[in-house]
Each structure stands twice: as C-alpha cells, then as structure tokens.
Amino acid sequence: MRNKMTKRKSIFALIAIFSVNLAYMADLVVIPAADSIYSAFPNAPISVLNFILSGPQLITIFSAILAPFFMKKFSKKHIIILAFAAFVVAASSCALVLNVYFIACMRAIVGLCSGILMSTAMALIVEMYRDDEAKCSAVMGYYNSSMNAFGVVLPLIAGILCVRQWNYVFYEYLLGIPLLILMFFALPYTPPEYSGNGEAESKQGAAVKLPTLRIVSMLFSIIILGIVFNFITYQSSMYIAENNLGDAAFAGIVSSIGCVAGVFAGLIFGKAYEKLKKWLITAIYLLLVLGYLGASVIHGPVWFCVCLFIMGIAYGGSMSYYFAYATTFVPESKNSSVTAWITSCVSIGTFLCTYCSNALQQVFRVNTLLALCPIYAGIAGAGVVLTLIASKTINKA
C-alpha cells in the first residue's frame, strides 16, 4: 500500500493514525480530577465511582477482541473514524451531564472505542508496511512514542482545567474534533479483510496453521510485563509517601517520567529492533531487573526518578516489540486477530497490576512497596532466563 502513497500523504496518514492515542490514553485526563469526582458524588456507590476511573481499561480487554470481526466486514479507515467519533461524543458529553450513572455509561463507551481503535490502528500500520519489516518496526516505535507523548501532555492540560472546575477536564476530549477531521481526509482506504469468497477463504483458513505455543507464550509475557511495570507506576505516589521522597507535586512529576521514557524508547526502537531482533525482549526484561533493584534501595528522589526512567524505557520498548515481533511469524491473514489479542493482553496486565501486588504482599508477608521491589526484580529476572531459553529454542527450530 505504501508504494501507492506519496511521502506527504504517508506522513499525514501516520499523524492521523497516531491521533488514535487520544482515546487509548483517555484515562489520564480523568485521573487529576479523581478526588473531585469522589467528592462531587458522596452518596454514589463506590463501585460506580471506581468504574469511572478504571472501568474503561477493563472494557478495553474485551473490546479489542471485537476489532478483527469488524475488520473482516469494513474498511479500517471507516472503523477508526466511526469509533473515534463515538469516543469524542461520549467522552466530552460527561462535562455536560453531571450525573454519576450517565458519566459511568459514557466511560464504558470510551473503553469500548479505545480497544477497537488501538487494535485497528496497529493492524493498519502492519497492512501499510507489510513488505518492509524495518520500516514497520520503526513506525510502531513512533506510534508508541506518540502514545506516551499524549500521556505526558493530557494530564498537564487536565490539571489546569480541573483547577477551574472538575468537570471541565472532559472538555479536553474536544481536541478530538480536529483530529477526526484529519482522519477523514488523511487515513488510507483499505478493503475489508473478508474477500467475499466464502469457499476460498474457508480453504485458506484451513491451510493456515497458527504457531500456538509461540503466540500463547508471547501473550503471557505481555501480561507479565504489564503487571511488573505498572506496579511501580500506578503506585508511585504511595511509594514516594512511604519513603518520604517528596510531596504531591513531586508525585505528579514522577507520574509523567514513565511516559517521557516511553517517548524516548519509541524513537530509538526501530534501530534497536533492527540490531537485536528477538534478543531485544531479553534486554527489556534486564532493564526491568536493573530498575527494580535500584528502587529496592533508597538513595533519594533523583535516584528513584532514574530507576523509573529505566523501567519506562523497558516497557515502552516492549509495547512496540510485540506488535513488530508478531508480524515475523504470524500468517498475514491472522495479523489483525493477533494484534487484537496483544492489545487485550496489554490491558489485562494493566488491570491486574494492583491486585497482583496485594497478593504478593500477602504471600511474602510484607507491608511496604519497597519490600516488593526485590520480588518484582526476581520476576523480571525469571523473564530474562525464559526469553533466553525461548530465543535459543527458536534458533534451533
């Protein structure tokens, strides 16, 4: 497809695809207003209030899996435009109707659109650059770099709006209107993946055999990476308070460090993947080991920021790695399905991170987050060993 597009059109198409990250990073707009939302609805069920904050991430797990079914029937361009339009309407309308149940319902729609959008956007990148592995991996790195850039900017704007009034944070989603216009004109049209020849497709599907073991091990690794990394990012403010590293203002700065590291990781990913290929995932786990070993020792706020930056590079690289790596062994006809599974597993790891840390505290009978850091370093160390074994096994195969 890329050969049919001019360089200028390709650039605008990629900007339009990267804009999808406004939806995937949408939760970061709400987080600065979390305390105000709880205060605004003191009589609302706590489960509903919790859903407003984290519910979309849960729904993304399931909505990502729906995307391949739509891609078989509709163009990826049309799916992205319709899902993004629904996202903008649902997300921004929360500023107008100050009813806790209405907001919860709209946030559910946000989660539904988010999973569909990310899966479809990544599948579109694969389709655009399917004949150029190096270019495809580089673009995936840029995509995840843009995702983290949204992660830096969105909460900063939301913090300013929240000072005026808590529900004003939802107006930030109106940024999606000009982005939607860009998508309409810039996204390339791709035909539905379903050919219309049922008999031919059935024979093709029967002939294609998925490397099940490699796919399952890859998806399991994605979930583990999400659990390990997001433990420290989601609970960084508690780690800071527990170890007297700073105040709430410092915690706010720290919350963006992982995203800044992710931007850096995305920019260098193409070259790193070109040099290391499948060995890159071992390096990613090794960086997590170093980060958590560093966080196991208190050396002041700057030291903690450095540790978090190292782990942010690791996780940012992993987000690009698995999407790029899957294209090297998954049959072309199954790319969209595997892309959706990867997206779903990213959300599963994020959703499970706090539950797993609570479980580890009970199993190892520790009460502090600091005491958990060596345990997470050990889990990441197991990842180093297992990925080394897996890579050697693949070489022999």
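Being a predicted model, the structure only gives us computed values, none of them experimental. Along each chain, numbering runs from 1 in the same order as the chain's sequence is written. Since the coordinates come from a predicted model, pLDDT governs what is reported: local features require at least 70, and pairs of side-chain atoms require 80 or more to be given and counted, while whole-chain, interface and lining totals use all residues. Side-chain measures here rest on the full set of heavy atoms in the structure, leaving out hydrogens and waters.

Caption draft 1: Region of the structure containing the nonpolar core. By convention a nonpolar core is built from buried Ala, Val, Leu, Ile, Met, Phe, Trp, Tyr and Cys residues, the set being connected through side-chain atoms within 4.5 Å. Here's how the labels work: a residue is buried when its accessible area is under 20% of the maximum for its type, exposed when over 50%, partly exposed in between, all with a 1.4 Å probe on protein chains only. Grouped together as the largest cluster of nonpolar side chains are 125 residues, with contacts concentrated most on I17, F87, Y143, M218 and I342. The numbering of helices and of strands both runs from the N terminus, where a helix is a DSSP run of H or I of at least 4 residues and a strand a run of E of at least 2. Among the elements that make up this core, the one with the highest residue count is helix α7 (residues 100-128) (16 residues). In what follows, a contact means two residues having at least one pair of non-hydrogen atoms within 4.5 Å. Not counting the four nearest positions on each side in its chain, F87 is found in contact with L22, A23, A26, V110, C113 and Y173.

Caption draft 2: Inspection of the pattern of salt bridges at higher detail. Salt bridges, as used here, are contacts in which a Lys or Arg side-chain nitrogen is within 4 Å of a carboxyl oxygen on Asp or Glu. Per the stated rule, a full pass over the model turns up four salt bridges. One salt bridge in this structure joins K76 and E127, with 2.6 Å as the shortest N-O distance. Taken together, the residues span a long stretch of sequence, with K76 in helix α6 (residues 76-93) and E127 in helix α7 at a distance of 51 residues. According to the relative accessible area criterion, E127 is buried, its value standing at 13%. Between E332 and R130 there is a salt bridge, with the nearest N and O atoms lying 2.7 Å from each other. Pair noted here: E332 is in the loop between α16 (301-326) and α17 (335-364) and R130 is in the loop between α7 and α8 (133-164), with a separation of 202 residues, a long-range link.

Caption draft 3: The packing of helix α14 (residues 257-276) against α16, seen in detail. Relative orientation of the contacting elements α14 and α16 amounts to 45°, with a least axis distance of 7 Å. By the criterion of interaxial angle, the relationship of α14 to α16 is oblique. The chirality of how α14 crosses α16 is right-handed. Only C305, L308, F309, G312, I313, G316, G317, S320, Y321, A324 and Y325 of α16 make contact with α14, whose side of the interface consists of I257, G258, V260, A261, G262, F264, A265, F269 and Y273. Here the contact of α14 with α16 is composed, by residue class, of 14 nonpolar, six polar and no charged. Axis definition: a line fit to C-alpha positions, over the contact stretch in the case of helices; interaxial angles, taken between N-to-C directions, run 0 to 180 degrees. In what follows, roughly perpendicular refers to angles from 65 to 115 degrees, roughly parallel to angles under 35, roughly antiparallel to angles over 145, and oblique to any angle outside these ranges. Here a crossing is called left-handed whenever its near helix is offset anticlockwise from the far helix by less than a right angle, and right-handed whenever the offset is clockwise. Note that Gly is not counted as nonpolar here; it falls among the polar residues with everything else outside the nonpolar set of Ala, Val, Leu, Ile, Met, Phe, Trp, Tyr, Cys and Pro and the charged set of Asp, Glu, Lys and Arg.

Caption draft 4: The arrangement of the environment of A251 in detail. Positionally, A251 belongs in helix α13 (residues 248-255). Taking the C-alpha atoms as reference, A251 lies 5.2 Å from S237; in sequence the two are 14 residues apart. If near-sequence neighbours (up to four positions away) are discounted, A251 is found in contact with S237 and I240.

Caption draft 5: Representation of a nonpolar patch on the surface in the model. A contiguous nonpolar surface patch, about 800 Å² in accessible area, is contributed by L96, V97, Y171, L174, I177, I181, F184 and F185. Relative to the helices and strands, F184 resides in helix α9 (residues 176-186). Residues enter patches when their relative accessible area tops 30% and they take part in no salt bridge; the joining distance is 9 Å for like charges and 5 Å for the nonpolar side chains Val, Leu, Ile, Met, Phe, Trp and Tyr. Computed with the Shrake-Rupley method and a 1.4 Å probe, the accessible areas treat only the protein chains shown as cover for residues.

Caption draft 6: Focus on unusual backbone geometry. Backbone geometry places N244, a non-glycine residue, at a positive phi of 55°. Looking at where N244 falls in the secondary structure, it is placed in the loop between α12 (236-242) and α13. N244 sits in the exposed class, given a relative accessible area of 69%. Of note in this structure, R365 is not a glycine but carries a positive phi near 55°.

Caption draft 7: Region of the structure containing the packing of aromatic side chains. Any two of the Phe, Tyr and Trp rings considered here, Trp counted by its six-membered ring, make a pair once their centres fall within 6.5 Å; the pair's planes then place it as stacked at under 30 degrees, edge-to-face at over 60, or tilted in between. Evaluation of the coordinates by the stated rule reveals 20 aromatic pairs. Centre to centre, the rings of F18 and Y143 are 6.0 Å apart; their planes meet at 70°, and the pair counts as edge-to-face. Linking F18 in helix α1 (residues 7-18) with Y143 in helix α8, this pair joins segments that are 125 residues apart in sequence. Residue F18 shares its accessibility class with Y143, and that shared class is buried. Aromatic side chains Y325 and F329 sit 5.0 Å apart centroid to centroid with 55° between the ring planes, which places their arrangement in the tilted category. The pair Y325 / F329 is uniform in exposure class, with both members buried. Among the aromatic residues, ring-to-ring pairing joins F41, F84, F87, W166, F170 and Y173 into one connected group. Lysine and arginine charges are scored as sitting over a ring when NZ or CZ, respectively, is within 6 Å of the ring centre and within 35 degrees of the ring normal. Residue placement shows K77 over the ring face of F184; its charged tip is 5.9 Å from the ring centre. We note R214 situated over the ring of F329; from NZ or CZ to the ring centre the distance is 4.2 Å.

Caption draft 8: View of the state of the cysteines. In plain terms, two cysteine sulfur atoms within 2.5 Å form what is called a disulfide here. Summed over the entire model, instances satisfying the criterion amount to zero disulfides. Of the cysteine sulfurs around C307, a residue in no disulfide, the closest is that of C373, at 8.7 Å. A residue is classified by how much of its surface remains accessible, and C307, at 4% relative accessible area, is buried. Here C356 stays free of any disulfide, with the sulfur of C353 as its closest cysteine sulfur at 7.9 Å.

Just geometry here; none of it tells us what the structure is for.
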